[in-house]
Amino acid sequence: MTEQETTEAVTRWLSLVAADAELSPYLIGVDRERLTEQVARALTTGTDLPYLGWSESEQRRAESYLRRRSFWEQVEDRCVGLLPERDAPLIEAALRRLTDRPDRPEKLALLSVLGRAYRRFGLRPEHQAVIDDALRATVPWQEVESAAITAGDGPAWWPVEVLDHDLACDGVAVITVRPWRRLPYRPGQAVPVCTPRRPGRWRWLCPANAPRPDGTVELHVRAVRGGAVSTSLVHQVRPGELLYLGPPADTGLSLHDGDLLVIAGGTGLAPLRAIVEQVAAAQDGRQVTLIVGSRDVASLYDAITLDKLQQAHDWLTVVPAFSHDPLAEPGEWGDALTVALDHLHGDQQVYVCGPPLMLAGARLRLLAAGVPAARIHLPERIPWR
């Protein structure tokens, strides 16, 4: 086995172990570079894999991942030309994750990507047994086929390069990426995001900017407890790395006629800032009030960009809302919805995006304040954490 073949085999093994729900926890905190060297040595010398604390049966399964032929090779033997070799690892990891019964937000992201892949690569029912055999698992193909019907045509994912990674505040990163080909999205939409550090796992994120001439996309990510992708994006990913963005999906947030009252909590700011940028590009004379909620000044992670937006546009008013800052000004103290009600007037279209607790009571509070249901816009079509 050549050095290149050994490197490819070890990379494939790490990808398979990371996509295995039972084995992947053993990789947490492990020095990946050292582990790669140890696995390569085991492969070339025929010795045992390094022990990571797993059980005997888990050790056997890890070894089987190293010895077996790749997923693509097994599919290629029976269905020549069905899957491009460069794309097969992404499809394999996503299918494996789908068989692990992920939670609803992640499942919807997986089906969005896999539905597009099903259409793009011309998969048919007769291919399903071949792919299941290669995976040694049973994929819920009916769900994938249903997703394919509504997925539309186009790429299943867009490779993107991380240009900038800014830890904007504790637990929140602002990541700027450049797609290899332009991502066709609209402000307010969400896209599934995957990092090769967590193969097969996709998480919904909303671009924080309107489409730019250079095609770059800004993502706001909060590391959530138990969120493998968000934690990796915030604390591990660095400039120069590769990520993947899936097909854009509507969330129920899109620009409507009239003045806007925009209420953001945490990283719920991302799709709403993109809508504000869309207004800036249109220059249609409407007035926009943007309420940005955070616990305190230190948690207001996008303050510089928001200040630049406000300075550049006299139709935009940005008001911070601090829920846990005793030094806040009277008009800026309280949760975002409470502060926003002081700025409610006329026939404004009201947008709200933020944490689940904020969204849970938003509609009722706005209805009670006299806002017609047709002018209340919340992210309802894509549930994400």
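Residues numbered from 1 in each chain as written. Predicted model: local features only at pLDDT ≥ 70, side-chain atom pairs only at ≥ 80, totals over all residues. Heavy atoms only, no water.

## Points about the nonpolar core
Val75, Trp157 and Trp202 are the most contacted members of the largest nonpolar core, which totals 38 residues. Of all elements in the fold, only helix H4 (71–78), helix H5 (88–99), helix H6 (104–120), helix H7 (125–135) and helix H8 (141–151) reach the threshold of two or more residues within this core. Top element by residues in this core is H6. It accounts for 7 residues. When sequence neighbours within four positions are dropped, the list of residues in contact with Trp157 reads Asp87, Leu90, Ile91, Val113, Ala117, Phe121, Arg181, Trp202, Tyr244, Leu245 and Gly246. Ala264, Val279, Leu300 and Trp315 belong to the second largest nonpolar core, which has 27 residues in total. (Core = buried A, V, L, I, M, F, W, Y, C linked by side-chain atoms within 4.5 Å. Buried < 20%, exposed > 50% of the residue type's maximum accessible area, 1.4 Å probe, protein only. Helix = DSSP H or I, 4+ residues; strand = E, 2+ residues; numbered from the N terminus. Contact = heavy atoms within 4.5 Å.)

## Points about the pairing of strand S7 (residues 260–265)
The buried fraction of S7 amounts to 6 of the 6 residues, a majority that puts the element mostly inside the structure. By the alternation rule, side chains of S7 split into Leu260, Val262 and Ala264 and Leu261, Ile263 and Gly265, which are all buried. Where S7 lies against strand S8 (residues 288–294), 6 bridges are found, and the strand directions are parallel. Bridge pairing links Leu260 to Val288 in S8. As for the winding sense of the linkage, the β-α-β connection from S7 through helix H10 (residues 269–282) to S8 is right-handed. Alignment of S7 against strand S10 (residues 349–353), held across 5 bridges, turns out to be parallel. (Pairing = 2+ DSSP bridges. Right-handed = clockwise from strand over helix to strand, strands pointing away.)

## Some words on the layout of surface pockets
Here the largest pocket is characterised by a volume of approximately 1100 Å³. Looking at the lining of the largest pocket, the element that brings in the most residues is helix H1 (residues 3–19), giving 8 residues. When grouped by side-chain class, the residues that make up the lining of the largest pocket number 23 nonpolar, 4 polar and 14 charged. Considered as a void within the structure, the second largest pocket measures approximately 910 Å³ in volume. Along the walls of the second largest pocket sit 45 residues, with Gly265, Gly266, Thr267, Gly354 and Pro355 positioned nearest its centre. At the level of elements, strand S4 (203–205), strand S5 (217–222), H10, S8, helix H12 (336–341) and helix H13 (356–368) are the ones that each hand at least two residues to the lining of the second largest pocket. When residues of the lining of the second largest pocket are assigned to their parent elements, the largest contribution, 4 residues, is made by H13. For the lining of the second largest pocket, the class distribution of residues is 26 nonpolar, 11 polar and 8 charged. (1 Å grid on protein atoms, 1.4 Å probe; cavity = no way out; pocket = protein on both sides within 12 Å on 5 of 7 lines; lining within 4 Å. Points joined across faces, edges and corners; volume = space filled by probe spheres on them. Nonpolar A, V, L, I, M, F, W, Y, C, P; charged D, E, K, R; others polar.)

## Structural notes on the side chain of Arg273
With respect to the helices and strands, the residue Arg273 is situated in helix H10. Classification of Arg273 as buried rests on a relative accessible area of 1%. Ignoring anything within four residues of it in the chain, the contact list for Arg273 reads Ala208, Asn209, Arg212, Glu218, His220, Asp302, Thr305, Leu306 and Leu309.

## A closer look at empty space enclosed by the protein
All chains considered together, the criterion is met by 1 cavity of 30 Å³ or more. What the largest cavity holds in volume is close to 30 Å³. Along its surface, the largest cavity is lined by Ile91, Leu95, Leu114, Ala117, Tyr118, Leu123, Trp141 and Val144. Put simply, the parts of the chain that give the lining of the largest cavity at least two residues each are H5, H6 and H8. In terms of residues, the lining of the largest cavity owes the most to one element, H6, which gives 3 residues. For the lining of the largest cavity, the class distribution of residues is 8 nonpolar, no polar and no charged.

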